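Take a look at the letters that make up each chain.
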Amino acid sequence: MASVSFKYWDDCVNPHDLEAMWADPDVRAEWLNAGETKGSKVHLSRDPDGQPYLTQTEMKAVAGIIVRRHFLSQIDSDMLCAIAELESDRQLLATQYNKKSKEITMGIMQILPKTADWLVSDLGYRTYEVAADSKLLYKPFVNVYLGAAYLKWLSNYGEKERSEEFMVRAYKAGTKKATHKSTLPFWRSYLSVKENLPSRKIFEVNPLPPSASAGGVPERKGPVNTTWDSRTSAEDMEEMWNHPSVSKEWSKSGEKRGHVRFSHDTEKRPYLSRVELRAVAEVIVSNHFITRGLKPTVLCAIAEIVTMRFVEGIGQRTGLMGIDYPTARWLYNWSKKSNGTEGQ
């Protein structure tokens, strides 16, 4: 184990990052419930061997903060969480020695010091400087930031847009083994871990409670028209209700025909569950692209990576698929020309 010792969060994060952690509602609740006090040092959790680790709530927050600051619409924070779970079990001081290469990987995301140096010096990822001391890689924000940077590089390896599977398998064993059978077990484990992350599944799905204004009229808070029915045709809603998995999920959460709520994250942004997204993709493909070989899983993967399933999109990426208006307009005009309906 590394000759580094962290007892408190304050030992391994800067004040700006610590403030961001306190600002996360789930982290704040977890820390307060554990007896931590803002303004005092925050204890790191420890395993039975006394080694510091991040809880899943803390890991989710670190990954989310890093993605929002530096990799918006480029990296899925759940990808970082799942890889951290498999690579280090979220242990800050985790190390692994490769007998064949005689190299040591470090920290939550298991970063090679030489990879960190390359990301900083050649690719310009200098938000956290590590050149002077490789032990800085044990710091959670530093390690996750560089892990995300490496995944970003892998996403366009060889100037070709790469799949999530390629990225994850290449992260584990290098680009040459991204399609080798040796990395397939890691990919399968990754999918299982990612699917079971506490992530957005635990977010509140109840409607936002109205508060009365001075005039006695309920004051609307949060997004407008955040029900499925307000944004979906009656025909499409019927198809969603007829989808067995969706019907089961909606009925279990108490939804009623005519008023189905979107799930919301802690910032009150509506998003689709993976079951809902899969159903939408299947309906679209079945109704419009059945003869064109398009697979619903492809649409789901794009929505997952580009917008993290948020209904409004993320940043400059509009809607679930991140399609901006100029592109949508071009597709619409192209479709009219292809169907010979232009000018009608």
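Quick notes on the rules
- Residues numbered from 1 in each chain as written.
- Predicted model: local features only at pLDDT ≥ 70, side-chain atom pairs only at ≥ 80, totals over all residues.
- Heavy atoms only, no water.
- Helix = DSSP H or I, 4+ residues; strand = E, 2+ residues; numbered from the N terminus.
- Contact = heavy atoms within 4.5 Å.
- Areas by Shrake-Rupley, 256 points an atom, 1.4 Å probe, with all protein chains shown as cover.
- Axes fitted to C-alpha atoms, helices over the stretch in contact; angles between N-to-C directions.
- Parallel < 35°, antiparallel > 145°, perpendicular 65-115°, else oblique.
- Nonpolar A, V, L, I, M, F, W, Y, C, P; charged D, E, K, R; others polar.
- Patch = residues over 30% accessible without salt bridge, like charges linked within 9 Å, V, L, I, M, F, W, Y side chains within 5 Å.
- Salt bridge = Lys/Arg side-chain N within 4 Å of Asp/Glu carboxyl O.
- Phe/Tyr/Trp six-rings, centres within 6.5 Å; stacked < 30°, edge-to-face > 60°.
- Buried < 20%, exposed > 50% of the residue type's maximum accessible area, 1.4 Å probe, protein only.
- Lys NZ or Arg CZ within 6 Å of the ring centre and 35° of its normal.
- pLDDT = per-residue confidence, 0-100.
- Expected span 1.5 Å × (residues − 1).

1. Quick notes on the overall build of the protein
Now for step 1: Each helix and strand in the protein was counted, giving 14 helices and 10 strands.
Now for step 2: Counting contacts in the protein only where the partners sit at least 6 residues apart, residues at least 24 apart contribute 56% of the total.
Now for step 3: Accessible surface computed for the protein: about 18,800 Å², of which carbon and sulfur atoms make up 51%.

2. Considering the packing of helix H5 (residues 113–121) against helix H6 (residues 140–155)
Now for step 1: Viewed as axis vectors pointing N to C, H5 and H6 meet at an angle of 75°, and their least axial separation amounts to 10 Å. Here H6 runs roughly perpendicular to H5, going by the angle between their axes. Every residue of H6 that contacts H5 at Thr 115, Ala 116, Trp 118, Leu 119 and Val 120 is listed here: Leu 146, Ala 149, Tyr 150 and Trp 153.
Now for step 2: Along the lines of polarity and charge, the residues of the contact of H5 with H6 split into eight nonpolar, one polar and no charged.

3. Brief notes about a nonpolar patch on the surface
Now for step 1: Taken together, Ile 323, Trp 330, Leu 331 and Trp 334 make up a surface patch of nonpolar side chains, about 430 Å² in accessible area.
Now for step 2: Position of Ile 323 relative to the elements: it lies in the loop between strand E10 (317–318) and helix H14 (325–339).

4. Here we look at the packing of aromatic side chains
Each aromatic ring pair is characterised by the separation of its centres together with the angle its planes make.
Now for step 1: The final tally for this structure, using the stated rule, is 16 aromatic pairs.
Now for step 2: When the centroid spacing of 5.0 Å and the interplanar angle of 80° are considered together, the rings of Trp 22 and Trp 31 count as edge-to-face. As far as burial versus exposure is concerned, Trp 22 and Trp 31 are alike and both buried.
Now for step 3: Centre to centre, the rings of Phe 71 and Tyr 145 are 6.1 Å apart; their planes meet at 50°, and the pair counts as tilted. Taken as a pair, Phe 71 in the loop between helix H3 (56–70) and helix H4 (77–88) and Tyr 145 in helix H6 lie far apart in primary sequence, 74 residues in all. Accessibility assignment for this pair places Phe 71 and Tyr 145 in one class, buried.
Now for step 4: What links up through ring pairs into an aromatic cluster is the set Trp 118, Tyr 150, Trp 153, Tyr 157, Phe 166 and Tyr 171.
Now for step 5: Between the NZ or CZ atom of Arg 162 and the centre of the ring of Phe 166, over which it lies, the distance is 4.5 Å.
Now for step 6: The ring of Phe 310 carries Arg 269 above its face, with NZ or CZ at 4.2 Å from the centroid.

5. Some remarks on the confidence of the model for the protein
Now for step 1: On average, residues of the protein carry a pLDDT of 86, and 88% of them reach 70 or more.
Now for step 2: Of the regions scoring below 50 in pLDDT, residues 200–225 engages in 44 contacts with residues more than four places distant in sequence or in other chains.

6. Remarks on the pattern of salt bridges
Now for step 1: Scanning the model with the defined rule gives 17 salt bridges in all.
Now for step 2: Arg 90 is the salt-bridge partner of Glu 85, the closest N and O atoms lying 2.8 Å from each other.
Now for step 3: One salt bridge connects Lys 114 with Glu 103, and the closest N-O pair in it is separated by 2.6 Å. Remark: Glu 103 occurs in strand E4 (residues 103–106) and Lys 114 occurs in helix H5; sequence separation between them is 11 residues.
Now for step 4: Exposure remark for Lys 114: the relative accessible area of 53% places this residue in the exposed category.
Now for step 5: Look at the salt bridges and you will find they share partners, linking Asp 78, Arg 274, Glu 304 and Arg 309 into a network.

7. Section: the environment of Thr 266
Now for step 1: Tracing the backbone shows Thr 266 in the loop between strand E7 (263–264) and strand E8 (270–271).
Now for step 2: Distance in space between the C-alpha atoms of Thr 266 and Asp 24 is 8.6 Å, their sequence separation being 242 residues.

8. A few points about helix H13 (residues 296–307)
Now for step 1: The terminal C-alpha atoms of H13, which comprises 12 residues, lie 16 Å apart, in line with the 16 Å expected from a rise of 1.5 Å per residue.
Now for step 2: Of the positions making up H13, those classed as buried are Pro 296, Leu 299, Cys 300, Ala 303, Glu 304, Val 306 and Thr 307.
Now for step 3: Against helix H8 (184–195), helix H12 (274–288), strand E9 (313–314) and E10 lie the buried residues of H13.
Now for step 4: In the segment just after H13, Met 308 is the residue with positive phi, at about 55°.

9. Concerning unusual backbone geometry
Now for step 1: Although it is not a glycine, Glu 159 adopts a positive phi angle of roughly 55°.
Now for step 2: Inspection of the secondary structure puts Glu 159 in the loop between H6 and helix H7 (164–173).
Now for step 3: Assessed through its relative accessible area of 76%, Glu 159 is described here as exposed.
Now for step 4: Notably, Arg 309 is not glycine yet its phi reads approximately 75°, a positive angle.
Now for step 5: With respect to the secondary-structure elements, Arg 309 resides in the loop between H13 and E9.
Now for step 6: The class for Arg 309 is buried, based on a relative accessible area of 3%.

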